[in-house]
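A structural walkthrough
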Amino acid sequence: MIPALRLLRSDLRLVRRDAMLFFYLIAPLLLISAVWFGVPAVNDVLISYFAFDLSEYYGLITGASLLLVSLILGCMCGFMMLDERDEYLIQYYAVTPLSRRGYLVCRLAAAVVLSVIYDAVLLLCAAPAPISIAQLFYLLPMAALEAPFIALFLVAYAANKVEGLALTKGAGLFVAVPAAAWFIGSPLKYGFAIFPAYWVYELLKLGHGGQPWRALLLMLAGTGVHMLAVYVLLRRFLRRQD
Amino acid sequence: MRLTAAIAYDIKLQFRHGFYYAYLVISLFYIALLQFLPSSAREMANILLTFTDPSMLGFFFIGGLVLLEKGQDIHNTLFVTPYKPEEYIFSKTLSLTLLSALSSYMIHVSQFGFTTKPLLLMLGVVMTSIFFTLAGMGVAFRCRSLNGFFFLSTLVALVFVLPLSDYLQIWSTPLYHLLPTQASLLLLRSVFEPIPPLQWIYAILLLAGWSGLAFLWARYSFRKFIMLQMGGDGP
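Residues numbered from 1 in each chain as written. Chains lettered and ligands numbered in written order. Predicted model: local features only at pLDDT ≥ 70, side-chain atom pairs only at ≥ 80, totals over all residues. Heavy atoms only, no water.

As annotated in an unreviewed UniProt entry, chain B carries the name ABC transporter and comes from Paenibacillus aceti.

Chain A appears in an unreviewed UniProt entry as ABC transporter permease from Paenibacillus aceti.

And the structure:
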């Protein structure tokens, strides 16, 4: 574990030295503030001009922005690893005491920790739908695993950063497509359940109206699907020769 | 002749790296999304989607293409051949523009069939794509990592997508008429709301002017950050 901490310390030094990386850390905050101020403002416009009440979809918007924050962080983490692979840095790390596994743990742990922080800020302060503490604790494990899922998807399947960019386009769909389940009826929507993000939307659609067992079940299933997805991609990445 | 070969090779490279598959999937997703919308909102959604995604895809992809070549020191070997930097820039731009055009056309035709006259729409897509790819290339030559590229390019893009606030009737200023993207939106919209010739001539000239500037900037960035760094340990 110690070599991983050493890498983390040198990363922090890098962030302090490279102003651009520091600014990149505030990117999710921009999205959070856009949701905070933007959604109520847009709703006012829609109600007065089109008599369309957006607040019906606040749960959906909350889910989408939550997943988007994790998507941004996952992509940043994935891009970093793609860059490091193209520069053969991962090969260097692999022969140091850090090892390939330690390197991966360090990169992914950073993505998880950052997603937990930013997602909690989003849910507590900026979410348009009211979020209970129980919901917060149900959503965070899934949202936190979404970032490593995206990052691993990029590095497990892309041979280099150019392929990684093409896959990023696909990664966005992992978050966008299951949102359709919000509008689709019961038997058909379970088809989306293979997407980890589906469970985040489902949990938000349930709201916090007196179905604690159902919510708990959704959380357990969703976290399970996320962990399975991360595990499968992790295996795939570790099997790669580069 | 050399330019056509270069473009053909760039297209092959992009195909092999999955750009075409990625955009096939993305376009199908947008088509499904548009089907899902009420028909009154479909025209506006078509324009918004076309402007924010297929038209700007070059801006996004050029970062990876340039950074990978930079990392692999391709430029060092490439430019000892007679291949000119200008050809390199044109080839990258035009090949990505083809993908923009294909994807936009597919999305548009899927919704509105062959009933509209999409000439100006497609011209808008092509010119917007050329401008954004050149601008993105200028940024990419200066960057060392993907995250750095996306940070800088987001700043650049933020300025240029401002005219969307005029289209969505949130906020407007006459200064928008100086931005190339105002012209892009004008051309894209003209497929549904015909505009007088003077307006589309203005839009085409404005986009052409900005694309010229973007080309000069990309070439300057190339000289400064690629050419002058060659032979050494690199930046």
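**Regarding the overall build of chain A**
Keep this limit in mind: Think of it this way: any DSSP run of H or I at least four residues long counts as a helix, any run of E at least two long counts as a strand, and we number them from the N terminus. Here the globule rule is a power law, 2.2 Å times the number of residues to the power 0.38, and the radius of gyration is based on C-alpha atoms. Note on classification: 1.4 Å probe, protein chains only; a residue is buried when its accessible area is under 20% of the maximum for its type, exposed when over 50%, partly exposed between these limits. It only takes one pair of heavy atoms within 4.5 Å for two residues to be counted as in contact.
In terms of regular secondary structure, chain A is built from 11 helices and 0 strands. Across chain A, helices and strands are ordered from the amino to the carboxyl terminus as α-α-α-α-α-α-α-α-α-α-α. Computed over the C-alpha atoms, the radius of gyration of chain A is 19 Å, within 12% of the 18 Å expected from 2.2 N^0.38 for a compact globule of 242 residues. Viewed in the frame of its principal axes, chain A has a C-alpha envelope of about 60 × 40 × 30 Å. Of all 242 residues assigned to chain A, the portion counted as buried reaches 48%. For chain A, the proportion of contacts with a sequence separation of at least 24, taken over those separated by at least 6, is 72%.

**What about the overall build of chain B?**
Threshold: Here the open area of atoms and residues is found with the Shrake-Rupley method and a 1.4 Å probe, where only the protein chains shown may cover a residue. Neither His nor the chain ends is counted toward charge; the positive residues are Lys and Arg and the negative residues Asp and Glu. Note that the charge is assigned to NZ on lysines, CZ on arginines, CG on aspartates and CD on glutamates.
Broken down by element type, chain B carries 11 helices and 0 strands. Ordered by position in the sequence, the α and β elements of chain B form the string α-α-α-α-α-α-α-α-α-α-α. At 18 Å, chain B has a C-alpha radius of gyration in line with the 18 Å of a compact globule built from 235 residues. For the C-alpha atoms alone, the extent of chain B along its principal axes is close to 60 × 40 × 35 Å. Across the 235 residues that make up chain B, the buried fraction comes to 54%. Taken as a whole, chain B presents about 11,000 Å² of accessible surface, with 71% of it coming from carbon and sulfur. Looking at chain B, you have 14 positive and 10 negative side-chain charges, and the mean spots of the two groups are 4 Å apart.

**Considerations on the nonpolar core**
Spelled out, the test is: What we call a nonpolar core is a set of buried Ala, Val, Leu, Ile, Met, Phe, Trp, Tyr and Cys residues that are connected through their side-chain atoms within 4.5 Å.
In this structure, Phe19 and Phe61 of chain B are the most contacted members of the largest nonpolar core, which totals 120 residues. Per-element accounting of this core gives the leading share, 15 residues, to helix 7 (residues 133-157) of chain A. Residues Ile47, Ala101, Phe112 and Met122 of chain B belong to the second largest nonpolar core, which totals 13 residues.

**Things to note about the pattern of salt bridges**
Note the cut-off: Think of a salt bridge as a Lys or Arg side-chain nitrogen and an Asp or Glu carboxyl oxygen that are within 4 Å of each other.
Summed over all chains, the structure comprises 11 salt bridges over all chains. Aspartate 83 of chain A serves as the salt-bridge partner of lysine 161 of chain A, at 2.8 Å between the closest nitrogen and oxygen. Note that lysine 161 of chain A is positioned in helix 8 (residues 161-176) and aspartate 83 of chain A in helix 4 (residues 58-86), a separation of 78 residues in sequence. Lysine 161 of chain A gets classed as buried once you look at its relative accessible area, which sits at 2%. Of the residues examined, aspartate 83 of chain A reaches a relative accessible area of 5% and is grouped as buried. Between lysine 92 of chain B and aspartate 10 of chain B there is a salt bridge, with its nearest N and O atoms 3.0 Å apart. Residue lysine 92 of chain B is found in helix 6 (residues 85-112), and its partner aspartate 10 of chain B is found in helix 1 (residues 2-16); the two are separated by 82 residues along the sequence. Residue aspartate 10 of chain B is classed as buried on the basis of its relative accessible area of 5%.

**Looking at the interface of chain B and chain A**
Let me state the cut-off plainly: Buried surface area refers to the total accessible area, computed with a probe of radius 1.4 Å, that the two partners give up upon joining, counted for both partners together. Any N or O atom pair separated by 3.5 Å or less is treated as a polar contact, with the protein-specific requirement of one donor-capable and one acceptor-capable atom, and with residues adjacent in sequence counted only for side-chain atom pairs. Side-chain classes are defined by residue name, with Ala, Val, Leu, Ile, Met, Phe, Trp, Tyr, Cys and Pro counting as nonpolar, Asp, Glu, Lys and Arg as charged, and the others, Gly among them, as polar.
Between chain B and chain A, the residue contacts involve 25 residues of the former and 21 residues of the latter. Looking only at chain B, the three residues that lose the most surface to chain A are Leu146, Asn147 and Phe151 of chain B, adding up to 29% of its buried area. The interface formed by chain B and chain A contains 1 salt bridge. Applying the counting rule to chain B against chain A returns 5 residue pairs in polar contact (both at pLDDT 80 or more). At the level of elements, helix 2 (19-36), helix 4 (57-71) and helix 8 (146-160) of chain B are the ones that each hand at least two residues to the side of chain B that touches chain A. Of all the elements, helix 2 of chain B adds the most residues to the side of chain B that touches chain A, at 7 residues. When the residues that make up the side of chain B that touches chain A are grouped by side-chain class, the tally is 16 nonpolar, 6 polar and 3 charged.

**Remarks on the UniProt feature "transmembrane region" (unreviewed entry) in chain A**
Rule in force here: UniProt positions are given in the numbering used here, feature names are shortened, and annotations may be inferred rather than shown by experiment.
UniProt annotation of "transmembrane region" (unreviewed entry) refers to residues 21-39, 59-82, 103-131, 137-159, 171-201 and 213-234 of chain A when read in the numbering used here. Annotated as 83% helix and 0% strand, the span residues 103-131 of chain A places its first and last C-alpha atoms 35 Å apart.

**Details of the packing of helix 4 of chain A against helix 8 of chain A**
Residues and elements named next belong to chain A. Applicable threshold: Axis lines are fitted through C-alpha atoms, for helices just across the contact stretch, and the angle between N-to-C directions can take any value from 0 to 180 degrees. Our angle categories are set so that under 35 degrees counts as roughly parallel, over 145 as roughly antiparallel, 65 to 115 as roughly perpendicular, and the remainder as oblique. Two helices cross in a left-handed way if the nearer one is turned anticlockwise from the farther one by less than a right angle. They cross in a right-handed way if the turn is clockwise.
Running from amino to carboxyl end, helix 4 crosses helix 8 at an angle of 165 degrees, the nearest separation of the two axes being 11 Å. With respect to each other, helix 4 and helix 8 are oriented roughly antiparallel. In this structure, helix 4 meets helix 8 at a crossing whose hand is right-handed. When helix 4 is examined against helix 8, the residues Leu67, Leu71, Cys75, Phe79, Leu82, Asp83 and Asp86 are found in contact with a partner set consisting of Lys161, Gly164, Leu165, Thr168, Ala171, Gly172 and Val175. Tallied by class, the residues present in the contact of helix 4 with helix 8 amount to 8 nonpolar, 3 polar and 3 charged.

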